[in-house]
Amino acid sequence: MIAIIDYGAGNIRSIEKALEHVGAIVQVTDNPAVVNKANAVVLPGVGSGGAAMARMTERGLDDAIRQATRQGKPFLGICLGMQLLADHHAEGEVDGLSLFPGEVRRIPHGPKIPHMGWNQVKPQHTTLSIFDGIPQDAYFYFAHSYYVEPQDQQGVAAVTDYGSPFCSVIVTERVWGTQFHPEKSGSAGLQLLNNFVKWVRE
């Protein structure tokens with residue numbers, strides 16, 4: 001079972017449906033006990049960094065997430081969900097979950113802020129299982145005004161250009177993170193979610 005964390009911001013039905021489409025058993029929850037029992041965890045992303053962290057801390061979900069990753073459970077953070085895995089978020093000036101060292105900064109320049117719509121994701125390490133079956137020139141759907149700047153560039157699995165290059169996929173031993181929304185990214189996004197479900201089963 002994959003727990004999809006619901007911290008009370010936005011509609012997460014689309015990620016639930018997408019994961020079910022690729023064969024996953026999912027449960028949307030704001031209960032740390034359910035997160036503890038899950039085989040894997042997805043942290044979707046809607047809303048502002050400060051408010052999201054406050055809601056998760058209130059419910060004890062922050063500790064449940066840290067515990068899940070310490071236990072080696074596969075973890076996927078999407079958009080804001082990826083940003084909250086870093087040490088610090090500039091929106092609201094809040095501490096993140098510190099699952100990898102890094103900062104979340106506002107996009108300094110670009111054709112338009114927020115960055116909305118389809119953009120190309122350029123893998124830096126094509127052998128990673130997150131990219132299995134995905135064309136190297138694939139496009140994914142973005143909607144964000146902030147981006148992650150990891151301290152360790154080894155974790156940067158893909159970059160995207162928007163005014164300047166930024167990290168659009170991070171992969172560490174414990175977590176996968178995507179700045180884009182795979183659940184809104186057509187066949188390439190579904191393949192990425194399928195790769196995540198495969199990791200969970202393995």
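Thresholds applied
- Residues numbered from 1 in each chain as written.
- Predicted model: local features only at pLDDT ≥ 70, side-chain atom pairs only at ≥ 80, totals over all residues.
- Heavy atoms only, no water.
- Helix = DSSP H or I, 4+ residues; strand = E, 2+ residues; numbered from the N terminus.
- Buried < 20%, exposed > 50% of the residue type's maximum accessible area, 1.4 Å probe, protein only.
- Contact = heavy atoms within 4.5 Å.
- Polar contact = N/O pair within 3.5 Å; in protein donor to acceptor, adjacent residues only side chain to side chain.

(A) Structural detail: unusual backbone geometry. Here the residue pair I113 and P114 is connected by a cis peptide bond, since its omega of 5° sits within 30 degrees of zero. Secondary-structure assignment places P114 in the loop between β7 (102–106) and β8 (115–120). Even without being a glycine, C79 presents a positive backbone phi close to 55°. As for its position among the elements, C79 is in the loop between β4 (75–78) and α5 (80–83). A positive phi angle, near 55°, is found at S98, a position not held by glycine. Here S98 is to be found in the loop between β6 (94–95) and β7.

(B) Seen up close, the environment of T29. Position of T29 among the secondary structure elements: in strand β2 (residues 26–29). Judged by its relative accessible area of 6%, T29 is buried. For the pair T29 and R13, spaced 16 residues apart in sequence, the C-alpha separation works out to 12 Å. Excluding residues within four positions of it along the chain, T29 makes contact with A3, I4, I5, D6, V34 and V35. Of note is the side chain of T29, whose polar atom sits 2.9 Å from the backbone nitrogen of N31.

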